[in-house]
Amino acid sequence: MTRATSHLLFILLLVVGVAAAGAHDDAAVRRTLEEFAGFPASDDGEGPSAAFRVDAEGLQRQIDELASFSDSPAPSVTRVLYSDKDVQARRYIKGKMNQLGLAVREDAVGNIFGRWEGSEAELGAVGTGSHVDAIPFSGKYDGVVGVLGALEAISLLKRYRADTALKDISCHDSWLFKHRITFVFILKRTLPVWTACVGTDLVSSQKDLWRSLCSHQRNLQDLELAAWEGGSSTIIVFSCVNHYVTLISWFLSFHSFKLCSRLMAGIEELTQSLRNIVDNQNVSFLDAAESAGYKMDPEDLRSVFLNKDSYSAFVELHIEQGPILEKEGIPIGIVTAIAAPASITVEFEGNGGHAGAVLMPERNDAGLAAAELALAVEKHVLESGSIDTVGTVGMSTSNVSFLNACDIMISYSILQLHPGAINSIPSKSHLEIDVRDIDEKRRNDVIEKVRRSATEISKNRGVVLSEFKIINQDPPALSGKSVVDAMEFAAKQLNLEYKKMISRAYHDSLFMARVSPMGMIFIPCYKGYSHKPEEYASPEDMSNGVQVLALTMAKLSLE
């Protein structure tokens, strides 16, 4: 055998091996989708990818349309809780749910639910989604990709079911729609019997009619899309086998506390707080809700709570909000854990005085005490020895307005000093601290060190530590093994490289973990930008994420 022949055989074997590997992946996708759809795919050589294709152009168009509901000029997006733009955005999402053929309802606080009904709705759902609210002057992809992308994922599964059903009965095209008749279809694989009437002598588009019937047939699962108001998030919930799918969109943006996801997780203390909370214009949460058309009794807040068996799994599609995936050229991130923040408010009180008349050794400067504590936070976080521990001295939220986005921006500050004049020594200071980690004990150890430093600083500087208050101290959340396995399965079968990673950003999935096993799918975003107008995700990356999400939901629905 000549060297040239050997090389030719080697290349041939390599090509066959690669083709076989690709065929294996394609077959796995096909089997999962066939089982989900209830129809065998035809052996026409197209493979599942022919029907399993994301409408990337349509998805981008919807993202752009939703971004137009903003209280700040493009390219920035501002959508605040219960504002007119928030109401318009929710109306837009409800319209998309209706277009998808879902039965839409709303709860007491404006959470929106759209259900694709199935035969065994008593079983828990597989959920997905994210948020469509937007902090002031942010971008149009944060959260929205996980909402409109989840809608596209459900639409993708519906289209796949319709197309495979169409091919399954293609042999009947010659007679099925030719006459004005009442007909009954008995579909394969024990699917429900269909009865329908055709009211015209000839049907102009036989395939379109059948596709419509298939896409509205009764599933073995309920698929419910729900839009949650008031949690900086929108969730789409999708089904388990013989379960249902819910698309849920929660729109309320309330600082970093993920109000709605906390509420739906059944945190009783939150319902008490919402009865009394007001903004800097003395507008209460209940009054703000009423202004948007959601008049409620305080007792109605408890109706938002989810039962522990509401969902069997939850998976959220989201832009990474960091640079890792883009930098490493990896299209998919599979989140294994979400770091949880602890939020702390600290106040010091000193003596104040004239900036020129009081000498440095005699000062009791509350501002410098706050500054020293900010540096102590950095020191203690770095001492933890873990890259997963982070700390930030952030914005004050004491003056958040429910109704005026501009007021929100004006009232935010890195550090509040009183009286706030350049020629006056600060007599009071207020700062807020955020410490996050996926290891709860390690995070809490940092908090304790910060507390000790605050006490020591107050003594050394002769100021009073008038407040050191932990506002919230949520536990981190690990992704459910079944969800991680399903996400890995989907990425592998779609031949998409993926990276297991943690989320250091706060997501509503953190609270979904209290209700069901959860996981997150990350896609790259430009330079890791988020919460700013330059935020961007490419159509290709969004399409990859939607496909992984759709196949993950289909896989989970069969377990």
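Reading the values: the criteria
Residues numbered from 1 in each chain as written. Predicted model: local features only at pLDDT ≥ 70, side-chain atom pairs only at ≥ 80, totals over all residues. Heavy atoms only, no water. Helix = DSSP H or I, 4+ residues; strand = E, 2+ residues; numbered from the N terminus. Buried < 20%, exposed > 50% of the residue type's maximum accessible area, 1.4 Å probe, protein only. Contact = heavy atoms within 4.5 Å. Areas by Shrake-Rupley, 256 points an atom, 1.4 Å probe, with all protein chains shown as cover. Expected span 1.5 Å × (residues − 1). Polar contact = N/O pair within 3.5 Å; in protein donor to acceptor, adjacent residues only side chain to side chain. Phe/Tyr/Trp six-rings, centres within 6.5 Å; stacked < 30°, edge-to-face > 60°. Lys NZ or Arg CZ within 6 Å of the ring centre and 35° of its normal. Axes fitted to C-alpha atoms, helices over the stretch in contact; angles between N-to-C directions. Parallel < 35°, antiparallel > 145°, perpendicular 65-115°, else oblique. Left-handed = near helix turned anticlockwise from the far one by under 90°. Nonpolar A, V, L, I, M, F, W, Y, C, P; charged D, E, K, R; others polar. Pairing = 2+ DSSP bridges. Core = buried A, V, L, I, M, F, W, Y, C linked by side-chain atoms within 4.5 Å.

(A) A look at the overall build of the protein chain. Within the protein chain one finds 16 helices and 22 strands. Looking at the protein chain as a whole, 55% of its 559 residues are labelled buried. Of the contacts formed within the protein chain by residues at least 6 apart in sequence, a portion of 75% connects residues at least 24 apart. Counting every atom, the protein chain has about 24000 Å² of accessible surface; 54% of that belongs to carbon and sulfur.

(B) Representation of helix H11 (residues 366-383) in the model. For H11, which comprises 18 residues, the first-to-last C-alpha distance of 26 Å matches the rise-based estimate of 26 Å (1.5 Å per residue) to within 8%. Sitting at the head of H11, Asp365 places a side-chain oxygen 2.7 Å from the backbone nitrogen of Gly367. Gly385 occupies a position one or two residues after H11 and carries a positive phi of about 80°.

(C) Layout of the packing of aromatic side chains. Applying the stated criterion across every chain, the model contains seven aromatic pairs. An angle of 50° between the planes, with centres 5.8 Å apart, marks the rings of Tyr82 and Phe285 as tilted. Of the two residues, Tyr82 is situated in the loop between strand E1 (77-79) and helix H3 (84-99) and Phe285 in helix H9 (residues 285-291); the sequence distance between them amounts to 203 residues. With relative accessibility at 2%, the residue Phe285 sits in the buried group. Considering the side-chain rings of Tyr526 and Tyr529, the 5.6 Å spacing of their centres and the 85° angle between planes classify their relative orientation as edge-to-face. Owing to a relative accessible area of 35%, Tyr526 belongs among the partly exposed residues under this scheme. Judged by its relative accessible area of 25%, Tyr529 is partly exposed. Stacked on the ring of Phe489, the Lys or Arg Lys555 has its end atom at 4.4 Å from the ring centre.

(D) The packing of helix H14 (residues 481-493) against helix H16 (residues 539-556), seen in detail. Remark: H14 packs on H16, axes separated minimally by 8 Å, with the N-to-C direction vectors making an angle of 125°. With respect to their mutual orientation, H14 and H16 come out oblique. As for how H14 packs across H16, the hand of that crossing is right-handed. Facing Ser482, Val483, Ala486, Met487, Phe489, Ala490, Ala491 and Gln493 of H14, the residues of H16 in contact are Val548, Leu551, Thr552, Lys555 and Leu556. The residue makeup of the contact of H14 with H16, split by class, is nine nonpolar, three polar and one charged.

(E) Local environment of the side chain of Thr389. Counting through the fold element by element, Thr389 comes out in the loop between H11 and strand E15 (390-394). Residues within four places of Thr389 in sequence aside, it is in contact with Val381, Ser384, Arg436, Asp437, Arg442 and Val446.

(F) Region of the structure containing the pairing of strand E12 (residues 332-338). E12 sits mainly inside the fold: six of its seven residues count as buried. Here six bridges tie E12 to strand E21 (residues 498-503), and the two strands are oriented parallel to one another. If you follow Ile332 over to E21, its bridge partner there is Tyr498. Examined bridge by bridge, E12 and strand E22 (residues 518-523) share three bridges and lie antiparallel to one another.

(G) Quick look at the packing of helix H2 (residues 56-67) against H16. Remark: H2 packs on H16, axes separated minimally by 10 Å, with the N-to-C direction vectors making an angle of 105°. One element, H2, and the other, H16, form an angle in the roughly perpendicular class. Counted together, Ala56, Leu59, Gln60 and Ile63 of H2 and Pro539, Met542, Ser543 and Val546 of H16 form the full contact between these two elements. Looking at side-chain class alone, the contact of H2 with H16 contains six nonpolar, two polar and no charged residues.

(H) Summary view of the nonpolar core. Formed by 58 residues in total, the largest nonpolar core has its most connected members in Phe52 and Leu148. The element that contributes the greatest number of residues to this core is helix H4 (residues 144-168), accounting for 11 residues. Leave out the neighbours within four places in its chain, and Leu148 touches Leu59, Gln62, Ile63, Leu66, Tyr92 and Ile93. Core analysis: the second largest hydrophobic core is formed by 40 residues, Leu270, Ala288, Tyr311 and Met501 among them.

(I) A look at the side chain of Asp437. If you trace the backbone, Asp437 turns up in strand E18 (residues 428-437). Look at Asp437 and you get buried, because its relative accessible area is 0%. Side chain to side chain, Asp437 and Thr389 meet in a polar contact 2.4 Å long. Separated by 3.1 Å, the side chain of Asp437 and the backbone nitrogen of Asp439 make a polar contact. The residues touching Asp437, leaving out its near neighbours within four places in the chain, are Ala339, Ala340, Asp388, Thr389, Arg442, Arg443 and Pro476.

(J) Main features of the environment of Gln272. Residue placement: Gln272 occurs in helix H8 (residues 268-276). Gln272 gets classed as partly exposed once you look at its relative accessible area, which sits at 39%. Remark: the alpha-carbon pair of Gln272 and Leu301, spanning 29 residues in sequence, is separated by 9.2 Å.

(K) Fine view of H14. The end-to-end C-alpha distance of H14 is 18 Å, a good match for the 18 Å that 13 residues give at a rise of 1.5 Å each. Along H14, the residues that are buried comprise Val483, Val484, Ala486, Met487, Glu488, Phe489, Ala490, Ala491 and Gln493. Just past H14, the residue Asn495 takes up positive phi, approximately 55°.

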